[in-house]
Amino acid sequence: MKIGHRLYLTVTPAILGVLLIAGLFYWGQYAHEIPHVVLVVGSAAVLGSLLLAGINARFVAKRIEHLASTLPPANAPGDPDELDRIAHGVDRLSSDVQSAAAERVSRERTLEARTREYATLLAAIANDTAKRLEEIRLPLHILLENRFGDLNENQEEMLGAARAAAEAADADLVSLRQIAELDLGDQPLRHDRMKPSELADALRPMLVAAAESAGATIEMAVTPLLPPIAGDRARLQEALAVTLGDAVRQSARGARLSLVVDTGAPGLCMELSGVGDMAPSVRLSAAARVVQAHGGTVDWHSGTVTIALPTLSS
């Protein structure tokens, strides 16, 4: 029972006692007779009120003493009691809460500023490094395409490997720059209306070819009449192709893969099962950021890749 209810219960017999005292006042006048039942009930009400008041006062006092014992002494003038100690504790806790809230806001602002700073530095480094790589790729391209002298087979292989490495590094830098631009909000996304079946049809040839090159097979099941989604068609389709395509290409030989496109949380669910462990890469991180920018999620768990996207009706 709440303390307020206990106090209300204490008042009830007192109200009855007041009414009985009023009756005593009336019947106690000249030529009025006081009924014995009035005296008995009045006495019981007074005793009951006294008993309940004592029990509840003892209960409330114990609770207040226990609560006050958990708090430090109050720095109040005179002789502070338990309520002064509780009031002092409440004030101190309120001040601590306000300080913690202000510190949290300051920390969040610092982290946000630092994140933007890192993203800006990442974009600048990616741009500068991409320019330097282009200075490397161009001479390699010229050497391989325009023969200025005879090159033996080993020299051609080394130049070809160098050009492939430079192109791979350039692709990673493009992905890094894309991540930084998404974090900075420098890449506005379109809001094209897309049907999930159209996205699945566009991904089908690429996924089938990737499965064949990996020595695996893939089956696709698309639920008809799925609600449409909104987003940047080119960016989203590329992100799905990178995520699902890399998962298929890294699957074990002879694996049987299954891609199911159906409704789920938060609206559309694309689940690719039967794949193996997936090595992290910058391309995959950039693709996941694009999906997240569309309000979706990418999850890799127990040999299953799950991509969730919100639909226009969700």
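What counts, and where the lines are drawn
Residues numbered from 1 in each chain as written. Predicted model: local features only at pLDDT ≥ 70, side-chain atom pairs only at ≥ 80, totals over all residues. Heavy atoms only, no water. Core = buried A, V, L, I, M, F, W, Y, C linked by side-chain atoms within 4.5 Å. Buried < 20%, exposed > 50% of the residue type's maximum accessible area, 1.4 Å probe, protein only. Helix = DSSP H or I, 4+ residues; strand = E, 2+ residues; numbered from the N terminus. Contact = heavy atoms within 4.5 Å. Pairing = 2+ DSSP bridges. Axes fitted to C-alpha atoms, helices over the stretch in contact; angles between N-to-C directions. Parallel < 35°, antiparallel > 145°, perpendicular 65-115°, else oblique. Left-handed = near helix turned anticlockwise from the far one by under 90°. Salt bridge = Lys/Arg side-chain N within 4 Å of Asp/Glu carboxyl O.

Topic: the nonpolar core
Now for step 1: By size, the foremost hydrophobic cluster in this structure holds 36 residues, and its most contacted members are L207, L236, L244, V248 and L272.
Now for step 2: With seven residues, the top contributor of residues to this core is helix α6 (residues 233–249).
Now for step 3: Look past the residues within four positions of L244 in its chain and what remains in contact with it is L203, L207, L259, M270, L272, V305 and I307.
Now for step 4: Counting five residues, the second largest nonpolar core, distinct from the first, contains A126, L133, A166 and L173.

Some thoughts on the pairing of strand β6 (residues 297–301)
Now for step 1: Where β6 lies against strand β7 (residues 304–309), five bridges are found, and the strand directions are antiparallel. Each bridged residue has a counterpart across the sheet, and for V298 the counterpart in β7 is I307.
Now for step 2: Between β6 and β7, which follow one another and run antiparallel, lie two residues, and S302 among them has a positive phi close to 55 degrees.

Re the pairing of strand β4 (residues 256–263)
One face of the sheet, then the other: side chains in a regular strand alternate in exactly this way.
Now for step 1: In terms of strand pairing, strand β2 (residues 217–222) meets β4 through six bridges, oriented parallel. Bridge assignment links V222 to a residue of β4, and that residue is V261.
Now for step 2: Between β4 and strand β5 (residues 268–273), which pair antiparallel one after the other, the connecting turn spans four residues.

Some thoughts on the packing of helix α5 (residues 196–213) against α6
Now for step 1: The contact between α5 and α6 brings their axes to 10 Å, and the two run at 30 degrees. On the basis of their axis angle, the class for α5 and α6 is roughly parallel. With respect to the hand of their crossing, α5 and α6 are arranged in right-handed fashion. Contacts between α5 and α6 pair E198, L199, A202, L203, M206, L207, A210 and A211 from the former with R233, L236, Q237, L240, A241, L244, G245, V248 and R249 from the latter.

Some remarks on the pattern of salt bridges
Now for step 1: Under the defined criterion, the tally for this structure stands at nine salt bridges.
Now for step 2: Note that E219 is salt-bridged to R256, the shortest N-O span being 3.6 Å. Here E219, found in strand β2, pairs with R256, found in strand β4; they are 37 residues apart in sequence, far enough to count as distant. Per residue, the accessibility class of E219 equals that of R256, and both read exposed.
Now for step 3: Close ionic contact of R249 with D246 constitutes a salt bridge, the shortest N to O distance being 2.9 Å. With R249 and D246 both in helix α6 and three residues apart, this pair spans about one turn of that helix.
Now for step 4: Salt bridges sharing common partners tie together D246, R249 and R283.

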